[in-house]
Amino acid sequence: RAKSQGKQRYSLFNNELLNNNLRRYKLENHLKRAIEKNELHLVYQPKVAFADSKVDCAEVLLRWQHTKLGAISPVEFIPIAEQSHLIVDIGNWVLESVCKQIVEWKQHYQLDRVSVNVSPQQLAHMDFISSLEHILRRTGCQPAWLEIEQTEGWMMENPDDNIAVFKRLKALGVRLSLDDFGVAYSSLSQIARLPLDVLKIDKSFVEYCEVGSREHMIVRTVIQLGRNLKLQTVAEGVETEAQRQILDAEGCDMYQGYLFSKPVDGKTFVTMLEKKPQADIPHCSKEHQPS
Ligand code: C2E
Ligand code: MG
Ligand code: MG
Ligand code: MG
């Protein structure tokens, strides 16, 4: 009896594994044509500054809407893209699209910058820096308008090479942010060597951030670390007013999360930005000036 049960369990496990592999294989194949089939698009999650409650920054997040399979989460397809190296083309598509978008928005809105997630496989690619330079030049996007988010885990894999890449990016003038900070056991000595601008506090700390909790103390410590290293601190995954208040009281610089807004399409995002004064828009100023 026990034996047949064991067998059943074994074959169930086998089926699951097979289904997982099939789905993976299927997604990888579909992902190859996702760009040309126009299935990828970008959404933007606003970042709110604690100092004045204004929005002038966002994080861009990739979405895949497959005609038959529906919406597929980046949590599922980004790892597939990374393992199949499709991430290089997809990542370049993201960079090019967001740079174009930033340049357009900069004409009309008080947008400061947009942060974009890049995969370790993209950064490790020889051509990454020159592709980025190309994209910036082609789109007219200034490097300072772009912030690159990289997870802390990435850095630990190959610290010397990765620090070198970060230094070259910094020299180019883009801002650098360490994403999901606090969950990947990176050593503080490696962090000290990185030319960073931003620390992003991982949402797992924010989630359990209640007054006096251990997570609260960790959040306090990370914000202090950021302050001492002259880095900006950004909290992600803020869902409640209580969490927001703790982060504010601790001196965090910015937050993003469902409390203020989910990631939204570009049209919705710009409604949260302040418009530029008319006089600053060169091609409009003539028409609107009293004669
Ligand atoms: P991430 O960079 O840490 O992005 C934050 C994730 O938290 C996003 O999930 C966002 O939608 C979600 N989020 C925002 N506010 C809240 C909140 O209040 N509560 C909760 N529970 N979640 C919140 P998303 O969009 O599913 O992206 C997941 C991950 O996929 C990202 O994590 C990032 O690592 C990766 N990713 C997304 N877009 C790209 C991309 O263009 N390139 C690369 N390489 N990775 C990407
Ligand atoms: Mg991110
Ligand atoms: Mg994050
Ligand atoms: Mg995260």
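Everything numeric in this text was worked out from a predicted model, so none of it was measured. (Residues numbered from 1 in each chain as written. Chains lettered and ligands numbered in written order. Predicted model: local features only at pLDDT ≥ 70, side-chain atom pairs only at ≥ 80, totals over all residues. Heavy atoms only, no water.)

## Some words on the layout of surface pockets
Considered as a void within the structure, the largest pocket measures approximately 1,000 Å³ in volume. Together, 37 residues line the largest pocket, and Glu-59, Leu-61, Pro-74, Val-75 and Asn-117 are the ones closest to its centre. When grouped by side-chain class, the residues that make up the lining of the largest pocket number 16 nonpolar, 11 polar and 10 charged. (1 Å grid on protein atoms, 1.4 Å probe; cavity = no way out; pocket = protein on both sides within 12 Å on 5 of 7 lines; lining within 4 Å. Points joined across faces, edges and corners; volume = space filled by probe spheres on them. Nonpolar A, V, L, I, M, F, W, Y, C, P; charged D, E, K, R; others polar.)

## Section: the coordination of the magnesium ion (ligand 2)
Within the protein, Glu-59 (OE), Asn-117 (OD1), Glu-149 (OE) and Asp-179 (OD) serve as the donor atoms for the magnesium ion (ligand 2), at 2.0 to 2.2 Å. In this structure the magnesium ion (ligand 3) is found 3.8 Å away from the magnesium ion (ligand 2), and Asp-179 serves as a bridging donor for the pair. With Asn-117 in strand β4 (residues 113-117) and Glu-149 in strand β5 (residues 146-151), this residue pair connects regions lying 32 residues apart in the sequence. (Donors = N, O, S within 2.8 Å, 3.2 Å for Na, K, Ca; no water. Helix = DSSP H or I, 4+ residues; strand = E, 2+ residues; numbered from the N terminus.)

## Quick word on the nonpolar core
Core analysis: the largest hydrophobic core is formed by 74 residues, its most contacted members being Leu-31, Tyr-44, Leu-146, Leu-169, Leu-196, Leu-247 and Phe-269. No other element matches the nine residues that helix α3 (residues 87-108) contributes to this core. Excluding its chain neighbours within four sequence positions, the residues that come into contact with Leu-146 are Leu-95, Val-98, Cys-99, Ile-102, Arg-113, Val-114, Val-116, Leu-132, Leu-136, Val-174 and Arg-175. Counting residues in each nonpolar core, the second largest holds five residues, with Ala-49, Cys-57, Val-234 and Met-254 among its members. (Core = buried A, V, L, I, M, F, W, Y, C linked by side-chain atoms within 4.5 Å. Buried < 20%, exposed > 50% of the residue type's maximum accessible area, 1.4 Å probe, protein only. Contact = heavy atoms within 4.5 Å.)

## Considerations on the packing of α3 against helix α5 (residues 128-139)
With their axes 9 Å apart at the nearest point, α3 and α5 run at an angle of 30 degrees to one another. Taken together, the axes of α3 and α5 lie roughly parallel to each other. Along this stretch, α3 crosses α5, giving a crossing that reads as right-handed. On α5, the residues touching Asn-92, Leu-95, Glu-96, Cys-99, Lys-100 and Val-103 of α3 are Phe-128, Ser-131, Leu-132, Ile-135, Leu-136, Arg-138 and Thr-139. Here the residues of the contact of α3 with α5 sort into seven nonpolar, three polar and three charged. (Axes fitted to C-alpha atoms, helices over the stretch in contact; angles between N-to-C directions. Parallel < 35°, antiparallel > 145°, perpendicular 65-115°, else oblique. Left-handed = near helix turned anticlockwise from the far one by under 90°.)

## Thoughts on the pairing of β4
Successive side chains on a regular strand alternate, one facing one side of the sheet and the next facing the other. Within β4, four of the five residues are buried, which leaves the element mostly enclosed by the surrounding structure. Pairing between strand β2 (residues 55-66) and β4: four bridges, direction parallel. Among the inter-strand pairings, Glu-59 is bridged to a residue of β4, identified as Ser-115. Relative to β5, β4 is paired through four bridges, and the arrangement is parallel. Within β5, the residue paired with Asn-117 across the bridge is Glu-149. (Pairing = 2+ DSSP bridges.)

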